[in-house]
Amino acid sequence: MSEELFPEPEWLSEEVKTGTTIIAVTFDGGVVLGSDSRVSAGEAVVNRVMNKLSPLHDKIYCALSGSAADAQTIAEIVNYQLDVHRPRTQYHRTFNKDVILLTSPDDNVVVKQKKKQHLHEIGHILNAFEFDKAWDRTVLRKIKEKVPHDLSIEVEDDPLVCSAATLVKNISYKYKEELSAHLIVAGWDKKKGGQVYATLSGLLTSQPFAIGGSGSFYINGFVDAEYRKNMTKRECQEFVVNALTLAMGRDGSSGGVAYVVTIDKDGAEEKCVLGNELPKFFDQ
Amino acid sequence: MSFPASVSTLNNYNDLYPDWTQREVSTGTTIMAVEFDGGVVMGADSRTTTGAYIANRVTDKLTPIHERIFCCRSGSAADTQAIADAVTYQLGFHSIELDEAPLVQTAASLFRDMCYRYREELMAGIIVAGWDPRRGGQVYTVPVGGMMTRQPVSVGGSGSSYIYGYVDSNYRPAMSKEECLKFTAEALTLAMERDGSSGGVVRLAVISEQGVERQVILGNQLPKFSTV
C-alpha cells in the first residue's frame, strides 16, 4: 500500500544515459575534443560533473555518448586492447577476436589475411599477438624479431588512431543490436597527424570534425557555418567551447561544465571550463 | 481518392501502393522571422512532403493574413492552411469594424485561440510577424500546443533544431534590414542542408511601414558553407 502513496521515482528504473553533446575537431598538428558533463536517468541528473572524454591511449581519446554503461564498457575494452602497445611485453592466452595477426611468409605459419599492405594502410594491423589459439612462445618470438619497418606491427610504438577507431567500430558493429552508444575517436599519431573518426552504429569515417549526442542536433548549423580548415590550436579550442555552450543552452540532457582535451605530438592536455567561465550568447 | 480494403494496415509499408499515397501531407520545414527597427524579415524553405515524396518543391509558406501581417506555416499543410484562412477572415472582419489596420498581436491572439482550442486535433506551428503603427515590427510565435509569445527572433519547423546554435550565436539586437536578410538566408540554408524535410528555394519577405517586399533565392544562389 505504501507504493501507491509514494510511487517509486522514475529515475530508479530508467536506464542511465549520457544524453550529451560531444565534439572533436582537427587542427594542423593535433585534435581538440570537447564534451559536456551531464548524465541523466530519465529526468534526474545522476552525475553533473562526469568527464566523458576517456583515454584509449596516451595520444588517443574517445568521447562517449548514448547509454553510459555501453559507452564506458566499449572504451574500457579498447583501452585494454591498446594496452599491449605499452613498452613492455605481455602474453595473453585468450584475446578479443578483433585483433588481427600479421606474420611474414618465412614464419611458416598459417595466415588468414590476404592483402597485408591493404590492411596495414587502413589500420587493421594492431600488433603481433595471437588470440584464441594456443601458439607456443617460439612463434611469437620469431614474429617480434622480424618486424619490418614498413609495416605497423609495432609492439613498442604508439598505435595509429585509425587502429583504435577500428577496434571501437568492430565492437559497435558486432553488437549493434544490443548496444546503443556512439563514440567519437580522436587523437594524434606520427603517420597522419591529428585525426577524428566517427563510429556511429558501426560505421567508420574520418572527418575534419565530428559532433555527436542529443545536443549535437542544435549545433549542426553552427558548426557547418563556423568551421574553417587550418584553424590554429587556440581557435579550435574556442570553437569547441562555443559549440558546447550553445548546445548546452538548448538541450535539456546536456549541461554542467565543459571538458576540453587537446592532443598534439607532445601529449594530451585536459582542461575543465566551469559554468561561469563559459561564453555568453544572446539569451532572452 | 480511396484505396481498397486490402491495403495492409498492420504494416504501413506496402509494395503495391507507393509511400506517398498513405501518408499525410506535411510541411516538415524550416521557418524563421526576425525583428529589426522598422519592420520584420520572414523566411521559409519551399518543400512540402508526403512521406518521402516531395509534393511541392516551390511551396509558398509565407501566407498573407492582412496587408502588413504575414504568417509562416509549419506542420500539417491542411491544418495550417485552414487555420490561416479562418484567421484571415476573422481579422479582415475585425479590421473593418475598427476602421484601421489591425495589430500584429491581435492576429497572433486569433491564431493562438484557435491552435489552443483545437490543440488535440491540430498539428500546426505558426510564426506570426508584421508591422503595425503602434508597436512597429513584431514577431510572435505560436508553436504546437497553442502557447503564444513575442520574441525578437524565432525559428520553427523540423529543420529549426539544427540551427538553434547558429541563431543563438549570430543574432545581435539592433541589426539593420540587410543584416537581417543575410542572417535569415544563411540560417535557412544551413537548416535546409541538414534537414531532409526542408529544401528547395528560400523565400523571404520584408514587412515595414512602406509595405511588403518579397524575394526568392534560388538553389544555386544560396550562400555556400562547405566543410570539404
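Residues numbered from 1 in each chain as written. Chains lettered and ligands numbered in written order. Predicted model: local features only at pLDDT ≥ 70, side-chain atom pairs only at ≥ 80, totals over all residues. Heavy atoms only, no water.

Visitor: It is not clear to me how the overall build of chain A should be interpreted in this structure. Could you clarify?
Guide: If you tally the helices and strands in chain A, you get seven helices and 14 strands. Here chain A holds 284 residues, and the buried ones make up 51% of them. Taking as baseline every contact in chain A between residues at least 6 positions apart, the subset at least 24 positions apart corresponds to 68%. In the structure as shown, chain A presents an accessible area of about 14,300 Å², 51% of it carried by carbon and sulfur atoms. (Helix = DSSP H or I, 4+ residues; strand = E, 2+ residues; numbered from the N terminus. Buried < 20%, exposed > 50% of the residue type's maximum accessible area, 1.4 Å probe, protein only. Contact = heavy atoms within 4.5 Å. Areas by Shrake-Rupley, 256 points an atom, 1.4 Å probe, with all protein chains shown as cover.)

Visitor: How do you make sense of the environment of Val-40 of chain B when you look at a structure like this?
Guide: All names here are of chain B. Among the structural elements, Val-40 can be located in strand S3 (residues 39–44). Since its relative accessible area comes to 0%, Val-40 is described here as buried. For the pair formed by Val-40 and Ser-208, sequence separation is 168 residues and the distance between their alpha carbons is 6.7 Å.

Visitor: How should I be thinking about the packing of helix H2 (residues 68–82) of chain A against helix H5 (residues 161–174) of chain A in this particular structure?
Guide: Relative placement of two packed helices is described by the angle separating their axes and the distance separating the axes. All names here are of chain A. The interhelical angle for the contact between H2 and H5, taken along N-to-C directions, is 135°, at an axis separation of 10 Å. When the axis of H2 is compared with that of H5, the two are oblique. Considering the relative orientation of H2 and H5, their crossing is right-handed. Mapping the contact onto sequence places Ile-74, Ile-77, Val-78, Gln-81 and Leu-82 in H2 and Ala-164, Leu-167, Val-168, Ile-171 and Ser-172 in H5. (Axes fitted to C-alpha atoms, helices over the stretch in contact; angles between N-to-C directions. Parallel < 35°, antiparallel > 145°, perpendicular 65-115°, else oblique. Left-handed = near helix turned anticlockwise from the far one by under 90°.)

Visitor: Would you take a moment to explain the interface of chain B and chain A for this structure?
Guide: As a measure of interface size, the accessible area lost when the parts come together is often cited. With 18 residues of chain B in contact, the opposing surface of chain A contributes 18 residues. Around 1,700 Å² of area is buried between chain B and chain A when both sides are counted, 61% of it from carbon and sulfur atoms. Joining chain B to chain A, the criterion identifies two salt bridges. In this structure, Asp-168 of chain B and Arg-250 of chain A form a salt bridge, with 3.0 Å as the shortest nitrogen-oxygen distance. Applying the counting criterion to the chain B and chain A interface returns five residue pairs in polar contact (both at pLDDT 80 or more). Breaking the side of chain B that touches chain A down by element, the ones donating at least two residues are helix H3 (164–170) and helix H4 (177–194) of chain B. (Buried area = accessible area lost by both parts, 1.4 Å probe. Salt bridge = Lys/Arg side-chain N within 4 Å of Asp/Glu carboxyl O. Polar contact = N/O pair within 3.5 Å; in protein donor to acceptor, adjacent residues only side chain to side chain.)

Visitor: Please explain the confidence of the model for chain B as it appears in this structure.
Guide: Residues and elements named next belong to chain B. Taken as a whole, chain B shows an average pLDDT of 89; of its residues, 87% reach a score of 70 or greater. The secondary structure element of chain B with the lowest average pLDDT is strand S1 (residues 25–27), at 62, and the one with the highest is S3, at 97. Here residues 1–10 is modelled with pLDDT under 50, and outside its nearest four sequence neighbours on either side it reaches eight contacts, counting other chains as well. Taken over the whole predicted complex, pTM reads 0.73, whereas the ipTM for its chain interfaces reads 0.72. (pLDDT = per-residue confidence, 0-100.)

Visitor: Would you mind going over the nonpolar core with me for this structure?
Guide: Nonpolar side chains in soluble globular proteins tend to end up buried together. Within the largest apolar cluster, 51 residues are counted, with the highest numbers of intra-cluster contacts made by Ile-23 and Val-25 of chain A together with Met-32 and Phe-183 of chain B. If near-sequence neighbours (up to four positions away) are discounted, Phe-183 of chain B is found in contact with Met-32, Val-34, Val-153, Tyr-166, Val-167, Asn-170, Tyr-171 and Met-175 of chain B. Judged by nonpolar contacts, the second largest core, of 23 residues, contains Cys-62, Ile-74, Ala-164 and Val-185 of chain A. (Core = buried A, V, L, I, M, F, W, Y, C linked by side-chain atoms within 4.5 Å.)

Visitor: How should I be thinking about the UniProt feature "active site" (unreviewed entry) in chain B in this particular structure?
Guide: Residues and elements named next belong to chain B. UniProt annotation of "active site" (unreviewed entry) refers to Thr-29 when read in the numbering used here. Inspection of the secondary structure puts Thr-29 in the loop between S1 and strand S2 (31–36). Overall, Thr-29 belongs to the buried group, its relative accessible area being 0%. If we ignore the near neighbours within four places in the chain, the residues touching Thr-29 are Asp-45, Lys-61, Arg-73, Ser-74, Gly-156, Gly-157, Ser-158, Gly-159, Ser-160, Asp-195, Ser-197 and Ser-198. (UniProt positions renumbered as here; feature names shortened; annotations may be inferred.)

Visitor: Would you mind going over the sheet that holds S3 of chain B with me for this structure?
Guide: Backbone hydrogen bonds are what pair the strands of a sheet, in a parallel or an antiparallel way. All names here are of chain B. Spatially, five strands are ordered S11-S2-S3-S12-S13 in an open sheet, and the strand pairing comes out antiparallel. Single-partner strands in this sheet number two, and they are strand S11 (153–156) and strand S13 (211–217). Shown here is a sheet whose adjacent strand axes are inclined to one another by a mean of 15°, direction ignored. In this sheet, S11 lies alongside S2 in antiparallel orientation, the contact comprising four bridges. Across the sheet, the residue bridging to Val-34 is Val-153, located in S11. Here H4 sits on the sheet and contacts S2, S3, S11, strand S12 (202–208) and S13; the angle it forms with S2, its principal contact strand, is near 165°. (Pairing = 2+ DSSP bridges.)

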